[in-house]
Amino acid sequence: MGIIRLITGWPGPSGFGSATTAEQVTEGIDASHLTVVITGGASGIGLETARVLALRGAHVIIAARNMEAANDAKQNIIKNNQHAKVDILQLDLSCLKSVKAFADNFLALNIPLNILINNAGIMFCPYQLSQDGIEMQFATNHLGHFYLTKLLLDKMKSTASATGIEGRIVNVSSVAHLHTYKEGIKFDTINDKDSYSEKLAYGQSKLANLLHANELSRLLKEEGANVTVNSVHPGLIMTNLMKHSIKLMRIMNLLTYVLWKNVPQGAATTCYVAVHPNMKGVSGNYFLDCNEWPASDFARDPKMAKKLWDYSNHLLQSVIQHNY
């Protein structure tokens, strides 16, 4: 039934499906009381998410590595929506120093934070280490977002407490989390070049997004904080994310064209989980096509989630002490 719904666009239990666009899923929603940080909001589904949330009245902060592209994105949004509230701040997720600088700059604005969308990512890139000495896809897709969330979490909790408005964290994962290394996460050999696979490393990083969300959700529930955390798969979309594998993606597109989405459809699930009233109180789940979906066994393993949480904190501490 799931694959039929995906191909046909038939709606699921939420009333939305694979053909739903971000504008459709947010129709009638007033987000004027919300402040949103979105990483990678200068292009692709991140830009569409930023545009649509601004259209609904949210104050959107685009966090991007390329400030020229971020400014272009901001101007394009404002050109078509003169009332849009959009700001840009620099963020390079592969560099923990940049993540800390972004968080400091954002917190210095002394504004609320209701929604954090961990959207940015890289995909299928050749083996390389970040400037902090960590395999690049794991560093950018997981560890940078893990650190960013850690630095902004107190602001989200205090905002939720002061306003009574539920805070929401959205991790943009991928169905690619199903296609990872045989052990799920290579805790002992994260930087090993000989065993590196660009596709499995991507899957590993997307699995890490899910495990991060699930463990953080568990901890926040335990604490009684009014902040939810969920993961989404946006769908198959041809964007700049695929620049390292454009030939492969074009072949896949030809063979599986009925499964691919356009960008407005690709941003729908993120927007649904971020602002839709149906999502109130929902936390620790995985969504595809605006409906809850079962993640992999690895993704649902609480022991692996806890292990990744501890491993990520230890890695952060080690890098910060050594480099900064």
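What counts, and at which threshold
- Residues numbered from 1 in each chain as written.
- Predicted model: local features only at pLDDT ≥ 70, side-chain atom pairs only at ≥ 80, totals over all residues.
- Heavy atoms only, no water.
- UniProt positions renumbered as here; feature names shortened; annotations may be inferred.
- Helix = DSSP H or I, 4+ residues; strand = E, 2+ residues; numbered from the N terminus.
- Expected span 1.5 Å × (residues − 1).
- Buried < 20%, exposed > 50% of the residue type's maximum accessible area, 1.4 Å probe, protein only.
- Arc of directions from axis to C-beta.
- Pairing = 2+ DSSP bridges.
- Right-handed = clockwise from strand over helix to strand, strands pointing away.
- pLDDT = per-residue confidence, 0-100.
- Contact = heavy atoms within 4.5 Å.

An unreviewed UniProt entry lists the protein chain under the name Short-chain dehydrogenase TIC 32, chloroplastic, from Ambrosia artemisiifolia. UniProt, in its Sequence similarities (unreviewed entry) section for the protein chain, records the words "Belongs to the short-chain dehydrogenases/reductases (SDR) family."

*Asks:* Help me out: how do you make sense of helix α5 (residues 96–108) in this one?
*Replies:* For an α-helix, 3.6 residues make a turn, and residues three or four places apart therefore share a direction. Along its 13 residues, α5 runs 18 Å from first to last C-alpha, staying within 8% of the 18 Å computed at 1.5 Å per residue. Looking at α5, one finds that the buried residues are L96, S98, V99, F102, A103 and F106. On an axial view of α5, the arc spanned by its buried residues comes to 155°, and they lie on one face. Among the exposed residues of α5, those oriented more than 90 degrees off its buried face are K97 and A108.

*Asks:* I'm lost on the pairing of strand β6 (residues 227–233) in this one. Help?
*Replies:* In the case of a regular strand, side chains alternate between the two sheet surfaces. Where burial is concerned, most of β6 is hidden: seven out of the seven residues are buried. Bridge analysis of strand β5 (residues 167–172) against β6 gives six bridges, and the strand direction is parallel. Residue pairing in the sheet places G167 in a bridge with V227 of β6. For the segment spanning β5, helix α7 (residues 198–223) and β6, crossover handedness is right-handed. Pairing geometry for β6 and strand β9 (residues 286–288), over three bridges, is parallel. Considered in β9, the bridge of S231 is made with Y286.

*Asks:* Sorry if this is basic, but what is going on with the pairing of strand β1 (residues 35–39) here?
*Replies:* Along β1, five of the five residues are buried, which leaves the element largely enclosed by surrounding structure. Of the two faces of β1, the one holding T35, V37 and T39 and the one holding V36 and I38 are both buried throughout. Where β1 meets strand β2 (residues 59–64), five bridges bridge the pair, whose relative direction is parallel. Considered in β2, the bridge of I38 is made with I62. Taking the sense of rotation as the criterion, the β-α-β connection linking β1, helix α3 (residues 44–55) and β2 turns out right-handed.

*Asks:* Sorry, what's going on with the confidence of the model for the protein chain here?
*Replies:* One rule of thumb: low pLDDT means the predicted coordinates there are not for detailed reading. When the pLDDT values of the protein chain are averaged, the result is 92; 90% of them are 70 or greater. Per-element confidence in the protein chain is highest for strand β4 (residues 115–118), whose mean pLDDT is 99, and lowest for helix α8 (residues 246–255), whose mean pLDDT is 48. Per-residue pLDDT stays below 50 along residues 251–258; that stretch engages in five contacts with residues further than four places along the chain or on separate chains.

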